[in-house]
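# Structural overview for review
Okay, here's what each chain looks like letter by letter:
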Amino acid sequence: MTINKKNISRRHFIGSTVTAAAGLLITSGKNTGAPAFMKNFGKPDSLIRGVQIGVITYSYRSLPDQSTEATLKYILDCGISAIELMGDPAESFAGKPESTVDRRAFFGLMRKVRNNETLTENEQKQMSDLRAEMDAYGKKVADWRSKVSMDKYVKLKKMYTDAGVRIYAWKPDAFGVNNTDAEIDYGFKVARMLGASHITLEHPGNDAHTKKLAEMASQHKVYVAYHGHEQQTPTLWDTALAQSEYNSLNLDLGHYVAAGNPDPLPLIQSIHGRIMSMHLKDRQDPEHGKANLPWGAGNTPIAEALRLMRDRGFKFPGSIELEYEIPEGSDAIKEVSRCLDFCRKALEA
């Protein structure tokens, strides 16, 4: 991805270059001789004061079309130039078998379990039935992954790159304890095809598994970044980090605060070289209820963390993750755009 280092505003750019651009196109019939900034005209740029602001495409889960083409449009509508790509948009583009499992219901129940809420008897049965459906579907997907060509992923990367969007991380459900070694190998291969520097997954809480993933990651030269929810502590990643240089962090700033940890800024400073990306959301600390809130209303020091990244020159991206309730009359695109504007104001202050 090429960044417009001149930081020219869109209005000024149009006013000062449209005539020259027209002349170039008329005289040459093509733009191969155009200056570098012309090739980036109209492309997004969310690199702000040296800090790459991205988005995890999970943020668009509420929108009806979850195809890779629609997802790209959502990203561009928000003006974002780098992403953590969830598995489903990419794999559906490559021909992954369609699921009939009610994933929204499943993840809703899983969220209750993570929050230590008691499931009703009906919910427990629903969870059991959904797990059985997902297990059967998982076997079908594993078979598909063993045969799928990488050609579609090459096309997907080109589509995103041509639009000005870099894929820095990929998060499929291919790296869990129950996934086969063949699926894990497939996941790393796809990450390389997409140009991702790392894959992300929930920290498995299994030292043998983090060791195995790191060994496989070293063969592909793709890092493994472990995400955490409220199990995050300053020492959660210690064992995995000691196992291999290919084990790293996908720190979640909001979940870290909601888990009752002290100020996360010292952790970022001390371990920044092992952070591959960081999720940004605003949650309250336990004393105030732990809720996900619109940015600026919670206890998470998002602005302070971004300015630390700017001032210390940390190069890992910050990924907007939209998890607060979308206000009536708004949608995910508007809210992600508001989050990006929050980042811009914080970094330009």
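A few points on the structure.

Analysis parameters
- Residues numbered from 1 in each chain as written.
- Predicted model: local features only at pLDDT ≥ 70, side-chain atom pairs only at ≥ 80, totals over all residues.
- Heavy atoms only, no water.
- Helix = DSSP H or I, 4+ residues; strand = E, 2+ residues; numbered from the N terminus.
- Buried < 20%, exposed > 50% of the residue type's maximum accessible area, 1.4 Å probe, protein only.
- Contact = heavy atoms within 4.5 Å.
- Areas by Shrake-Rupley, 256 points an atom, 1.4 Å probe, with all protein chains shown as cover.
- Expected span 1.5 Å × (residues − 1).
- Patch = residues over 30% accessible without salt bridge, like charges linked within 9 Å, V, L, I, M, F, W, Y side chains within 5 Å.
- Salt bridge = Lys/Arg side-chain N within 4 Å of Asp/Glu carboxyl O.
- Lys, Arg positive; Asp, Glu negative; His and termini not counted.
- Charge placed at Lys NZ, Arg CZ, Asp CG, Glu CD.
- Core = buried A, V, L, I, M, F, W, Y, C linked by side-chain atoms within 4.5 Å.
- Axes fitted to C-alpha atoms, helices over the stretch in contact; angles between N-to-C directions.
- Parallel < 35°, antiparallel > 145°, perpendicular 65-115°, else oblique.
- Left-handed = near helix turned anticlockwise from the far one by under 90°.
- Pairing = 2+ DSSP bridges.
- Right-handed = clockwise from strand over helix to strand, strands pointing away.
- Phe/Tyr/Trp six-rings, centres within 6.5 Å; stacked < 30°, edge-to-face > 60°.
- Lys NZ or Arg CZ within 6 Å of the ring centre and 35° of its normal.

## Looking at the overall build of the protein
- From N to C terminus, the protein includes 14 helices and eleven strands.
- Across the 349 residues that make up the protein, the buried fraction comes to 47%.
- Across the protein, the fraction of contacts at a sequence separation of at least 24, relative to all contacts at a separation of at least 6, is 75%.
- On the protein, roughly 17300 Å² of surface is accessible, and the fraction owed to carbon and sulfur atoms is 52%.

## Regarding helix α6 (residues 121-145)
- Under the 1.5 Å per step criterion, the end-to-end length of α6 is 36 Å for 25 residues, consistent within 8% with the ideal 36 Å.
- Of all the residues in α6, the buried ones are Glu123, Met127, Leu130, Tyr137, Val141, Ala142, Trp144 and Arg145.
- Structurally, α6 contributes buried residues whose contacts are with α4 (87-93), α5 (103-114), α7 (151-163) and α8 (181-194).

## Things to note about a positive patch on the surface
- Together, Arg61, Arg104, Arg111 and Arg114 make up a region of like positive charge exposed at the surface.
- With respect to the helices and strands, the residue arginine 114 is situated in helix α5.

## Describing the nonpolar core
- The biggest cluster of nonpolar side chains holds 80 residues, and the ones touching the most others in it are Ile53, Tyr60, Ile80, Ile268 and Leu306.
- Those residues in contact with leucine 306, other than ones at most four positions away along the chain, are Val51, Ile53, Leu280, Cys343, Ala346 and Leu347.

## Quick word on the packing of α8 against helix α9 (residues 207-220)
- Remark: α8 packs on α9, axes separated minimally by 10 Å, with the N-to-C direction vectors making an angle of 45°. In terms of orientation, α8 and α9 fall into the oblique class. The two elements α8 and α9 cross, and the hand of that crossing is right-handed. For the pair α8 and α9, the contacting residues are Asp181, Ile184, Asp185, Phe188, Lys189 and Arg192 in the first and His209, Lys212, Leu213, Met216, Ala217 and His220 in the second.

## As for the pairing of strand β3 (residues 82-86)
- Counting buried positions over the five residues of β3 gives four, a clear majority of the element.
- The pairing of strand β2 (residues 51-56) with β3 spans two bridges and is parallel. Across the sheet, the residue bridging to valine 55 is isoleucine 83, located in β3.
- With helix α3 (residues 68-78) bridging β2 and its parallel neighbour β3, the resulting β-α-β unit is right-handed.

## Quick notes on the packing of α5 against α6
- In the contact formed by α5 and α6, the axes pass within 10 Å of each other and the chain directions differ by 125°. On the basis of the axis angle, α5 is oblique to α6. Between α5 and α6 lies a crossing whose hand is left-handed. Of α6, the residues touching α5 (which contributes Arg103, Ala105, Phe106, Leu109, Met110, Lys112 and Val113) are Glu123, Gln126, Met127, Leu130, Arg131 and Met134.

## What to know about the pattern of salt bridges
- Counted under the stated rule, the structure contains 22 salt bridges.
- Arginine 145 is the partner of aspartate 173 in a salt bridge, and the nearest nitrogen-oxygen pair spans 2.6 Å. Within this pair, whereas aspartate 173 is found in the loop between β4 (166-171) and α8, its partner arginine 145 is found in helix α6, the two being separated by 28 residues in sequence.
- With a relative accessible area of 43%, aspartate 173 lands in the partly exposed category.
- Sharing partners across several salt bridges, the network here consists of Asp88, Glu91, Lys96, Arg145, Asp173 and Glu183.

## Concerning the packing of aromatic side chains
- Scanning the model with the defined rule gives ten aromatic pairs in all.
- An aromatic cluster is present here, built from Trp144, Tyr153, Trp170 and Tyr186 joined pairwise through their rings.
- One cation-aromatic arrangement involves arginine 61 over tyrosine 58; the distance from NZ or CZ to the ring centre is 3.9 Å.
- A cation sits over an aromatic face here: lysine 152 above phenylalanine 93, 4.9 Å from the ring centre.

## Structural notes on the environment of asparagine 178
- Note on placement: asparagine 178 falls in the loop between β4 and α8.
- Residue classification places asparagine 178 among the exposed residues on the basis of a relative accessible area of 78%.
- Through-space distance from the C-alpha of asparagine 178 to that of glycine 138 is 9.6 Å; in sequence the pair is 40 residues apart.

Everything listed is a geometric property; what it means functionally is a separate question.
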